[in-house]
Amino acid sequence: MKRGSFGYLQAAKKASLIKSCLMLAAVLIIFFAAYFYFHTKKNVFSILAAVGALPTGRSIVGTVMFMRAKSASLKVKEAVDQAAELPEGCSGYDLYLTAYERAYSVSHLTVVDGIVAGITEDEKTDCGLCEKHLRDMLRKDRHPGYEVHIYRDLDKYVKEIERLSGLESESLQEDREVMNMILMISL
């Protein structure tokens, strides 16, 4: 499933969990099989298991991050789909943006005509800090000047995307590039 698709986080959680479990099982099987066969930990397979533990640990950390992420609700999807037809490639669901100090869960986000608008359903997400994080990321990726608004109220967000869908975007290609960049920085 592609990033930005509705249900992406749920599918990614399952895939990441399965991958991490398989990797952990492989490391443990290699280590213990060699230990029981050679009756010592001093063998080449122990080194192989230790080296295999590094990507396994990274995979487990990724799984923990996916488990913390909140998916968009069906209510948001239906409201967004009914509200307006957004340009293709300019919107996405199930975004989980990470920064050094915190993470931001965004259920839906759209980019139209220099405006980035999104909705969060996670009560722990600080909308002001999420907006600042997105502005900083856009500025670093050479897309300054974009307005960023993250909503918590679904009705206000629906009105905003209805307004945005009525705009004639002068820079549709740039809007798609910005949306693609945002998808790349999200989980």
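See the structure printed just above.
Residues numbered from 1 in each chain as written. Predicted model: local features only at pLDDT ≥ 70, side-chain atom pairs only at ≥ 80, totals over all residues. Heavy atoms only, no water.

Participant: Is there a simple way to think about the overall build of the protein chain in this case?
Facilitator: Within the protein chain, the secondary structure is distributed over six helices and four strands. Along the chain direction, N to C, the helices and strands of the protein chain fall in the order α-α-α-β-β-β-α-β-α-α. A compact globule built from 187 residues should have a C-alpha radius of gyration of about 16 Å, whereas the protein chain, at 21 Å, is more than 25% larger. In terms of principal-axis extent, the alpha carbons of the protein chain reach across some 70 × 35 × 30 Å. Counting the 187 residues in the protein chain, one finds 39% classified as buried. A separation of at least 24 residues holds for 69% of the contacts in the protein chain among residues at least 6 apart in sequence. Of the roughly 11,100 Å² of accessible surface on the protein chain, a fraction of 58% belongs to carbon and sulfur atoms. (Helix = DSSP H or I, 4+ residues; strand = E, 2+ residues; numbered from the N terminus. Rg over C-alpha atoms; globule rule 2.2 N^0.38 Å. Buried < 20%, exposed > 50% of the residue type's maximum accessible area, 1.4 Å probe, protein only. Contact = heavy atoms within 4.5 Å. Areas by Shrake-Rupley, 256 points an atom, 1.4 Å probe, with all protein chains shown as cover.)

Participant: Teacher, can you tell me more about helix 2 (residues 44–68) here?
Facilitator: Note on helix geometry: an α-helix contains 3.6 residues per turn, so any two residues three or four positions apart are oriented the same way. Over its 25 residues, helix 2 extends 37 Å from the first C-alpha to the last, a length consistent with the 36 Å expected when each residue adds 1.5 Å. Remark: the principal bend of helix 2, roughly 25°, maps to L54, with a proline, P55, within the next four residues. Residues of helix 2 that are buried include every one of S46, A49, T56, S59, T63 and F66, and no others. In the core, the buried residues of helix 2 are packed alongside helix 1 (8–38). Where helix 2 begins, the capping side chain belongs to N43, and its oxygen is found 2.9 Å from the backbone nitrogen of F45. (Expected span 1.5 Å × (residues − 1). Bend = angle between axes of the 7 residues up to and from the residue. Polar contact = N/O pair within 3.5 Å; in protein donor to acceptor, adjacent residues only side chain to side chain.)

Participant: Any chance you could explain a nonpolar patch on the surface here in plain terms?
Facilitator: A contiguous nonpolar patch, built from L24, L28, F32, Y35, F36, I60 and V64 and spanning about 610 Å² of accessible area, is present on the exposed surface. Mapped onto the nonpolar patch, the elements with two or more residues apiece are helix 1 and helix 2. The element best represented in the nonpolar patch is helix 1, accounting for five residues. In this fold, V64 is placed in helix 2. With a relative accessible area of 45%, V64 lands in the partly exposed category. (Patch = residues over 30% accessible without salt bridge, like charges linked within 9 Å, V, L, I, M, F, W, Y side chains within 5 Å. Salt bridge = Lys/Arg side-chain N within 4 Å of Asp/Glu carboxyl O.)

This is a description of form; function is not addressed.
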